[in-house]
Amino acid sequence: MKTRRRVVAAALVAMLMVTTVAGCSSKGSSGSATGEGSAEPYRIGAIVSLSGSYAGLGTPEQKAIEMEMKRINDAGGINGRQVEVIFEDDATDPAKAQAAVARLLEQENVIAVIGATGTSQTMALRDDIDRAGVPQVSMAGGSVITAEFDKNVFQTPWPNRIVVPFTLKALKDRGLVNVAVISDTGGYGKDGHDLILKDADTAGVKIVADETFNPGDTDMTAQLTKIKAASPDVVLMWNAGKEAAIVAKNIKQLGMSVPLVGSPGNGRREFIEGAGDAAEGFRFAAGKILVPEAYGEGTPAFEVAQKFIADYSFAYGVAPDIFAGHAFDAFLVVTDALKRVEGEATPASLRDAIEATDGLVGVGGTFAYSPEDHNGLTEEELVFYRVDGATWVLDK
Amino acid sequence: MSSSELLQFLISGLQNGAVYALVGLGFTLVYASTGIINFAQGEFFMLGGMLAVAGVRMGLPLPLSILAAVLLSAGVGVAMERFALRPRRDSGALVLIIITIGASMVLKSLARHIFGPNEMALPAFTPGPPVLLLGAAIDRQVLWIWGLTIVAVVGLTLLYTKTKLGRAMRASSLSHDAARLMGIDTAGVVMISFGLAAALGALGGAAVAPLTQTAFDVGARAGLKGFAAAILGGLGNPIAAVVGGLVLGVLESLSVAFISSTYKDAISLVLLLAVLFLRPQGLLGKSGREKV
């Protein structure tokens, strides 16, 4: 039956179109009334994931940047000029991120790019960023972003190369030496996975199982059944998407009593809500933003974090998560450097000013960039958290 | 590998497979009455879960919000047929299929704007520890999913074979013109099949949400798997869609067990292609040749 075959063929083509086109691009440009002065506003591009797997990360990022942009502009801007952030949605897709950066650089003439939300999306911007010589500040935690050094690329989260050894050491200290790894196949998960395997020997732990899942998967009992058979002391999960809650629930479903440890990417309220009881006792390492008291009350870092949490909660009615914090820091890094640029700000002079950032207190830590280090954070900024009574507490 | 582990892999496969089957049933229903593939089918799966969560958040009891979610989704399915597809029904299958793709984007974007980008959790239908079977654990929600799949397939089979509406649906699928000449309201039949397909997808989405959470973007993946299930089993026959779904689910879970979790989607896709190469009409489909 010829028509039937044609229908199926057309359907297959259509399916491909759906999966590639689906994440409709929503461009939200938030301009600002240039009341003060006649000078042109500083134009900054921001590439965030507002749809796709990382939609839950990119949305608070956009909110944090919009809030800070408004605060700065209401106070008269920077050097008497307003700041305008042009947002682009990459739909958690590296190809769309690349298209977005090309648009920002060629049509919007931005002076700096904040983004992207995810590691693969961040890496997809590199060629265009280098060609234009515009500084980029990423909000993603993959190590590769600053380990594959690029003079234009900076990063605000704690990268895996700091978090993974810290986490493995914490496991070893707690006597959990037989480690089963489960990670997703996205950029962040893969980056963490490779580092875990590389650092295991140094940390003195043994990897007894190594399983993966794809972003969007809805059931991991098959992988966990294999992990269960390897009888590990602990399951170490590395991902940043919504699948984390399913892993936690599947572990409980299979009646496994081993503890589950995760990554900073799991520091989201939706994880606790989604996993319910299964989230209790879940541990992960991250910076101190979730419990700012960890900085020590009265320290400058504590003050900055407290103010951010209060402002954000007031503006949006919910406490910020770590991703809002990364975006706050990225915007802070750029605006702080803009203040320090002498003479007319160009992408090149702004890049130099960002590299000269030293002792800038953000909510994720104190940033000190150098020509060799474009992440500027150390293990000192990390603490271990535990989920207890549906909230985060410090795990001493 | 111990027998209880093997059983656990099978259960995991049947759990995913039943979900694929529920979505696949929707594809099959619409195909049977219209000859087109409805690419918005995955979005009804999403709507079912999201509307049920919205109902619970508004304070409705769980069973009522699930019922409301299923009925509302069915309403959306009917409206989509009436207002988006029917005006262009003479334009040929390809145009109609593209309209369904457009509808899926509209539904997804609307859900993104109404419900926000975050995943949401639905409470379990019957909370409690997992049921143990020969050393393998089965979540209680999975029993619900299996139960609903069985009810759906038995219900559909009875509808097709025992009722006047079912006979009208089968007649329309053989030939629209002949059915219309026999006094069957074919437009009504098509509309009902869209509504039923949407309701089935929504039921699947609501039944899975307690296990996996739901979000505005779960439709595309559910649609892809459901489509694969329907094609694997053979389009147009409810039992075939269920068999296709279960086979696909078990294949995926066995490839995790014996090969590698990294390649599970690739392996199941290759097997799907292999089956279609050998049997283009699907596992249970009738031979594609028409007798003249």
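Residue positions are counted from 1 within each chain, in the order its sequence is given. Note on labels: chains are lettered from A, ligands numbered from 1, in written order. Given that this is a predicted model, residues contribute local features only at a pLDDT of at least 70 and side-chain atom pairs are listed and counted only at 80 or more, while totals for whole chains, interfaces and linings are drawn from all residues.

1. Here's the deal with the overall build of chain A
Condition: Per the convention used, a helix needs a DSSP run of H or I reaching at least four residues, while a strand needs a run of E reaching at least two, with both numbered from the N terminus. Here the globule rule is a power law, 2.2 Å times the number of residues to the power 0.38, and the radius of gyration is based on C-alpha atoms. With C-beta atoms placed from the backbone, the exposure class of a residue follows from how many other C-beta atoms lie within 10 Å of its own: 20 or more, buried; 12 or fewer, exposed; in between, partly exposed. The contact criterion used is a C-beta to C-beta distance within 7 Å, with each C-beta placed from the backbone.
Along its length, chain A carries 14 helices and 15 strands. Computed over C-alpha atoms, the radius of gyration of chain A comes to 22 Å, within 12% of the 21 Å expected from 2.2 N^0.38 for 396 residues, which places it in the range of a compact globule. Dimensions along the principal axes, computed over C-alpha positions, put chain A at roughly 70 × 70 × 40 Å. Per-residue burial over chain A gives 57% buried out of 396 residues. Long-range pairs, those at least 24 residues apart, make up 69% of the contacts in chain A with a sequence separation of at least 6.

2. Description of the domain arrangement of chain A
All names here are of chain A. Defined as follows: Throughout the structure description, domain borders are defined by an automatic or database domain assignment. When residues are grouped by polarity, Ala, Val, Leu, Ile, Met, Phe, Trp, Tyr, Cys and Pro land in nonpolar, Asp, Glu, Lys and Arg in charged, and all others, Gly among them, in polar.
We note that the domain assignment places domain 1 (26-158 + 302-377) and domain 2 (161-286) within chain A. Distance between the C-alpha centres of domain 1 and domain 2: 29 Å. Each side of the interface is counted separately: domain 1 has 19 residues, and domain 2 has 20 residues. For the side of domain 1 that touches domain 2, the secondary structure elements donating two or more residues are helix 2 (55-74), helix 4 (119-124) and helix 6 (144-147). Per element, the largest residue contribution to the side of domain 1 that touches domain 2 is 3 residues, and it comes from helix 4. Residues that form the side of domain 1 that touches domain 2 fall into these classes: 10 nonpolar, 8 polar and 1 charged.

3. Structural notes on unusual backbone geometry
Residues and elements named next belong to chain A. With an omega of 5 degrees, the peptide bond running from Gly115 to Ala116 counts as cis. Here Ala116 lies in the loop between strand 4 (112-115) and helix 4. Phi angles above zero are rare outside glycine, and Asn79 is one such case at about 50 degrees. By the element assignment, Asn79 lies in the loop between helix 2 and strand 3 (83-89). In this model, Thr92 sits at a positive phi of 55 degrees, which is unusual for a non-glycine residue. Take Thr92: it is sitting in the loop between strand 3 and helix 3 (94-106).

4. Quick notes on the interface of chain B and chain A
Taken together, the 45 residues of chain B in the interface contact 43 residues of chain A. At the level of secondary structure, the elements contributing two or more residues to the side of chain B that touches chain A comprise helix 1 (3-34), helix 4 (93-115), helix 8 (186-212), helix 9 (219-233) and helix 10 (238-258) of chain B. By residue number, the principal contributor to the side of chain B that touches chain A is helix 4 of chain B, which donates 10 residues.

5. Let's talk about the packing of helix 1 of chain B against helix 5 (residues 140-162) of chain B
Residue and element names in this part refer to chain B. Note the cut-off: Orientation is described by lines fitted to C-alpha atoms, with helices fitted over the stretch in contact, and by angles between N-to-C directions that extend from 0 to 180 degrees. Handedness of a crossing is defined here by the sense of rotation of the near helix relative to the far one, left-handed for an anticlockwise turn of less than a right angle and right-handed for a clockwise turn.
Packing of helix 1 against helix 5 brings their axes to within 9 Å, and their N-to-C directions diverge by 35 degrees. The two elements helix 1 and helix 5 cross, and the hand of that crossing is left-handed. When helix 1 is examined against helix 5, the residues Gln15, Ala18, Val19, Ala21, Leu22 and Leu25 are found in contact with a partner set consisting of Val142, Ile145, Trp146, Thr149, Ala152 and Leu156. Here the contact of helix 1 with helix 5 is built from residues that sort into 10 nonpolar, 2 polar and no charged.

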